[in-house]
Amino acid sequence: MKHKLDFIDHQIISLLQENARMSLKQIASRVYLSSPAASARMDKLEREGYITGFHASINREMMGYPIKAFVTLAVDAKLKDEFLNYMTQCRNVIECNCITGDYAMLLEVVYPSTEELEQFVGKLQRYGKTKTQIVFSTAIERREPLPELVTEMAG
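Every value quoted in this text rests on a predicted model; they were computed, and no experiment measured them.

Asker: Now, about a nonpolar patch on the surface: what can you tell me, with residues and values included?
Answerer: A cluster of nonpolar side chains, I58, M63 and Y65, forms an exposed patch at the surface whose accessible area comes to about 320 Å². With respect to the secondary-structure elements, Y65 resides in the loop between α3 (35-47) and β1 (67-75). Owing to a relative accessible area of 32%, Y65 belongs among the partly exposed residues under this scheme.

Asker: Let's hear about helix α1 (residues 7-18): which residues, and what values?
Answerer: Over its 12 residues, α1 extends 16 Å from the first C-alpha to the last, a length consistent with the 16 Å expected when each residue adds 1.5 Å. Most of α1 is tucked away, with 9 of its 12 residues classed as buried. Contacts from the buried residues of α1 go to α2 (24-30) and α3. Sitting at the head of α1, D6 places a side-chain oxygen 3.1 Å from the backbone nitrogen of I8.

Asker: Tell me about the packing of helix α4 (residues 80-89) against helix α5 (residues 114-124), and name the residues and values.
Answerer: One way to put it is that α4 packs onto α5 with a least axis distance of 12 Å and a crossing angle of 155 degrees. Classed by the angle they form, the pair α4 and α5 counts as roughly antiparallel. Counting all contacts with α4, which are made through F83, Y86 and M87, the residues of α5 involved are F120, K123 and L124. Here the contact of α4 with α5 is built from residues that sort into 5 nonpolar, no polar and 1 charged.

Asker: How would you summarise the packing of aromatic side chains if you had to cite specific residues and measurements?
Answerer: Applying the stated criterion across every chain, the model contains 3 aromatic pairs. Both rings, one in F83 and one in Y127, keep their centres 5.5 Å apart while their planes meet at 65 degrees; by these two values the pair is edge-to-face. Of the two residues, F83 sits in helix α4 while Y127 sits in the loop between α5 and β4 (128-134), which places them 44 residues apart along the sequence. Of the residues examined, F83 reaches a relative accessible area of 0% and is grouped as buried. Looking at Y127, the relative accessible area reads 5%, which means it is buried. Arranged with centres 5.5 Å apart and planes meeting at 35 degrees, the rings of Y111 and F120 form a pair that is tilted. Residue classification places Y111 among the buried residues on the basis of a relative accessible area of 8%. Taking relative accessible area as the criterion, F120 reaches 3% and is therefore assigned buried.

Conventions adopted
- Residues numbered from 1 in each chain as written.
- Predicted model: local features only at pLDDT ≥ 70, side-chain atom pairs only at ≥ 80, totals over all residues.
- Heavy atoms only, no water.
- Patch = residues over 30% accessible without salt bridge, like charges linked within 9 Å, V, L, I, M, F, W, Y side chains within 5 Å.
- Areas by Shrake-Rupley, 256 points an atom, 1.4 Å probe, with all protein chains shown as cover.
- Salt bridge = Lys/Arg side-chain N within 4 Å of Asp/Glu carboxyl O.
- Helix = DSSP H or I, 4+ residues; strand = E, 2+ residues; numbered from the N terminus.
- Buried < 20%, exposed > 50% of the residue type's maximum accessible area, 1.4 Å probe, protein only.
- Expected span 1.5 Å × (residues − 1).
- Contact = heavy atoms within 4.5 Å.
- Polar contact = N/O pair within 3.5 Å; in protein donor to acceptor, adjacent residues only side chain to side chain.
- Axes fitted to C-alpha atoms, helices over the stretch in contact; angles between N-to-C directions.
- Parallel < 35°, antiparallel > 145°, perpendicular 65-115°, else oblique.
- Nonpolar A, V, L, I, M, F, W, Y, C, P; charged D, E, K, R; others polar.
- Phe/Tyr/Trp six-rings, centres within 6.5 Å; stacked < 30°, edge-to-face > 60°.

Structure (structure tokens):
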């Protein structure tokens, strides 16, 4: 059974969101716990699924992927499983969401060129109607929501 997050749990999550490479000693110091106590809390947060991983954010343009686009797709229901299997194999698809409305899927993709994006969209059209929007710029980069800090202090 998952425990209810307290003030210290929220602080630990916020610190890790700010800098996932922060040392255990630094985290413990910032939340006023011993290193073993902070480690135990972090392990519990991971075990219970509150923390799902630690990731490196990359500069996609420097990595050769300057084109970012959102593609909506009205997937034929009979082809949905085949489509989802294909999506798991496409490394250029960085997110795939089932959505409501006229389209069933919303994909976030990155590509080295518009030509390669166009080829990908052409392949998608076997699954249904598509609509593509290329991103000019990103005002706010992807981020996780900060946990609300509870007003009660951990006891």
